[in-house]
Structure formats: structure tokens, C-alpha cells
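One-letter residues, chain by chain:
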Amino acid sequence: MRYFDQVIIDVNLATMDPAQPAAYGAIYDAAVALLDGNIAWLGPKNELPEFDTLATPVISGKGKWLTPGLIDCHTHLVFGGSRAKEFEMRLQGVSYQEIAAQGGGIVSTVKATRAADRESLFVAANKRLTALFNEGVTTLEIKSGYGLDLESEIKMLEVAKLLDKHHPITIKTTFLGAHAVPPEYKGDADGYIDLVCEQMLPKIAELGLADAVDAFCEGVGFSNAQTRRVFEKAKALGLPVKLHAEQLSNLAGAQLVAEFNGLSADHIEFLDEAGVKAMAAAGTVAVLLPGAFYVLRETQLPPIELLKQYQVPIAISTDFNPGTSPICSLKLMLNMACTLFRMTPEEALAGVTVHAAKALGCVDRGMLAVGKRADLALWDIEHPAELAYQFGVNPLTQLWINGKTSITR
């Protein structure tokens, strides 16, 4: 007789496990058994091992679909202020350059974030986090990058750690000090990279505030050579890297992050075949951000067919941020990945589960398989494609994080 903490029966499983041959890794009329926060058994219900039915809670899924908990692997969730007025100005014909000259753009967010206290940052971010949680998100990444000085970057990451402690969602933190050149270093990007590498990164690592290090390798951000310096320091400190790469132009950032065996290259609209090959060889995940593509009204599509040809895992994320993707819905990203990037619903769902987990270096989640963490989402749907097909109706009925029920509807 087997011992379990909880058993879920009468469900269809979209395991997203490549080892399962059916579309979505589906197993119909199935059961899942949980033990110590992990999946201890899963398979057809008629093969469920004998267990103590009196001592074990049994939940009927009533024919609904169970998927892995969703993973939002690229967000800027902690920041101060709002850029809604700038959004309105752009629609009235004011250029981004004019807005920036008036103190808008990222500089306005940096100013507001530096001025905000931890409590106000926590309260605002917690609302955003809860919105994602209510859509089935169980793991989420939060980047810094709106402080751009040591004190403010630490503040942002400490708030992210507090959210991890006080919210059911598991949070991974990323240090994005090399996000933009702060006002006090205007015209001296190399001097700011000196600060990032010599003071900020070592202190962030000492405090244990970051799970990874990111940078913005772009003409309006930092050069390939400057990004390399950040990556070399991160490597010396034992921190994995990822990169905002090839969003507006091709600076060979994807090849650079692959050279450092990076977790992911994100945005990548201008990625070329050489970059795709490098990512494939390194196992670096491609993270597509359809929200930013939509808000910026981009026309340059990511090279999705090349990524598929070279079997590069493709993740999908919100890129939630105040300027270029103020969209706090991973479910909407599923739909946008299909409508804007022509991905299939199965590819999109893999992008917010198994591939998103890989983009965060989380090998213990992202699929339904024995030994994986019991992060589960139960959906009142007739087919998994509905998760990408329909937006505005929330079919989530139950959510488990680390084997504990977090939402029941």
C-alpha cells in the first residue's frame, strides 16, 4: 500500500512532459498523487496504486484539465510611479525622444522608484502579483533595474524577497543593474558599468539577493563589450546570466549570453541564424515577450521558424513593466503568442510551463511528472487549447503550490 498526502482523481492531464507521446503530453481519465510537496505518482486512474482512502484526502477533478502551474519568467514587477500619462502623450503624437527630454521614459520610473519606500513598493507589487496568481501563476521572476544605484537596487530586490516570503507564488530574483545609464552617469556608460561590476554586483551577491544577473544589450542600453564585463563579474561570483538581446537591433547579444551558458535570451526580434545556433548549442532558452511587441507596435517578428528548426526551447512571458508592457496577464500572453507570433496553443502553453521553468533554471517544475514539484492548476475547460483561445473569462478552479492548495473556486 502506498502513502500519499493527497490524491486528485477524475482529471485529464496536460503534463507538458516531452516523454508523453500525445499532444500536450495528455493523459485522459487520470489521477495524480502528491507527497511531501511533490508528484509521487500519476497515470490513468485505473492504474492508481492502492492507498489508504480513509486517511488520504481525495479530490475529484470532475473531468476538468490539470496542467502545471504557470510560470512568468520575465517581469519588472517592482517599481514606483506610473507612466500612463506618457502613454497618453504618445497617442497624442509626442515622440518618445520628446518625452524622454522632458524627464519621462525610464528616467521617470527611476526617479519614482528611488523616492518610494519599501512599503509602497511592496503594496503596489503585491497587487500585480495577486492578479497573476489568480490566473494560475505559481512561479515568477522579478528583476531590479529601476533603481540604478546600489541603495535603490538593493531596495527593489529586498521587496521582491519580501513578496516571496509573504505571497504564495514562488519568486526568483534577477539583478538588472545594467538596465540603463542613470542620470548621474549620462554620457559615461563605462563609468556606470564600473560601478555595477566593482560595487553593486559584489554587494548584491554578498547579501544573497539575486538568483541571476541580467543586462540590456542594445544601442539605447549597453554595448556587447560592456555586457561582457557584467557577465564576467557575474560568473566570478557564481551567478547565472540572462540577457535582453536583439530587441531593437542585432548586437550579437544572444551569442554572448550563449557563450556564458546563459539561461535565456529575451525579446530577440532581430536575432539571426548565428545567434540561434549559439543558443541551441548552449541550451539557452528563447524568451518571447508579445506584450512589448504589441505595445510598441513592432513589425519585426522573432525568428520563430529558425528557433524551431534548431530546437531552441521557446518561453513566453509578460515582461510586465510600466513603459513597454504594462500588461499584467500571462493568460493574455498565451493568446498573443498565437495571434501575433503564430505559435500553436500547445507551443504557447509549453512556453509558460516547461520552457519557462528552464529559462529560470528551475528543473524541478514546469511539467507534471513523478518527482516534480506539485505546482498544479485545475481548469474548467474541455481542451487545453482553450487557455490560449479565450481571454477575459478565468477558468481556473483550483491551484496548488508545492502541494498546498492555494486557490479553490
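Along each chain, the written sequence defines residue order, and numbers are assigned to residues from 1. Residues qualify for local features only when their pLDDT is at least 70, as the model is predicted, and side-chain atom pairs are given and counted only at 80 or more; totals for whole chains, interfaces and linings, by contrast, use all residues. For the side-chain quantities, the full set of heavy atoms in the structure was used; hydrogens and water were omitted.

**Re the environment of Met-200**
- Strands are runs of DSSP state E lasting at least 2 residues, helices are runs of H or I lasting at least 4, and numbering of each runs from the N terminus. Within the secondary structure, Met-200 sits in helix α6 (residues 189–207).
- We classify Met-200 as buried; its relative accessible area is 0%.
- A C-alpha to C-alpha distance of 8.3 Å links Met-200 and Glu-153, two positions 47 residues apart in sequence.
- Leave out the neighbours within four places in its chain, and Met-200 touches Leu-148, Asp-149, Leu-150, Glu-153, Phe-175, Tyr-192 and Leu-195. For every residue, the accessible area (1.4 Å probe, protein chains only) is compared with the maximum for its type, and the residue is labelled buried under 20%, exposed over 50%, or partly exposed between those bounds. We call two residues in contact whenever any of their non-hydrogen atoms come within 4.5 Å of each other.

**Observations concerning helix α4 (residues 118–133)**
- Here the expected span of a helix is defined as 1.5 Å times the quantity of residues minus one. For α4, which comprises 16 residues, the first-to-last C-alpha distance of 21 Å matches the rise-based estimate of 22 Å (1.5 Å per residue) to within 8%.
- Residues of α4 that are buried: Leu-121, Phe-122, Ala-125, Arg-128, Leu-129, Leu-132 and Phe-133. Looking straight down α4, one finds its buried side chains confined to an arc of 140 degrees; they lie on one side. When the buried face of α4 is taken as reference, the exposed residues oriented beyond 90 degrees from it are Glu-119 and Lys-127. Throughout, the arc means the angular range of directions from the helix axis out to the C-beta atoms.

**Looking at the packing of helix α5 (residues 150–166) against α6**
- The contact between α5 and α6 brings their axes to 10 Å, and the two run at 30 degrees. Handedness of the crossing formed by α5 with α6: right-handed. Packed against α5, whose contacting residues are Leu-150, Glu-153, Ile-154 and Leu-157, the element α6 presents Met-200, Lys-203, Ile-204 and Leu-207 at the interface.
- Here the residues of the contact of α5 with α6 sort into six nonpolar, no polar and two charged. Each axis is a line fitted through C-alpha atoms, and for a helix only the stretch in contact is used; angles between axes span 0 to 180 degrees, taken between their N-to-C directions. Crossing handedness is read from the near helix: turned anticlockwise from the far helix by less than a right angle, it gives a left-handed crossing, and turned clockwise, a right-handed one. Polar here means any residue other than Ala, Val, Leu, Ile, Met, Phe, Trp, Tyr, Cys and Pro, which are nonpolar, and Asp, Glu, Lys and Arg, which are charged; Gly is therefore polar.

**Regarding the pattern of salt bridges**
- Each reported salt bridge corresponds to a side-chain nitrogen of Lys or Arg within 4 Å of a carboxyl oxygen of Asp or Glu. Under the definition given, this model contains 16 salt bridges.
- In this structure, Glu-184 and Arg-114 form a salt bridge, with 2.8 Å as the shortest nitrogen-oxygen distance. Highlighted residues: Glu-184 in the loop between β8 (170–178) and α6 and Arg-114 in helix α3 (residues 106–115), separated in sequence by 70 residues.
- Close ionic contact of Lys-242 with Glu-141 constitutes a salt bridge, the shortest N to O distance being 3.1 Å. In this pair, Lys-242 sits in the loop between α7 (224–236) and β10 (243–245) while Glu-141 sits in strand β7 (residues 137–143), placing the two residues 101 residues apart along the sequence.
- The buried category is assigned to Glu-141, whose relative accessible area is 0%.
- By sharing partners, the salt bridges in this structure join Glu-141, Lys-143, Asp-214 and Lys-242 into a single network.

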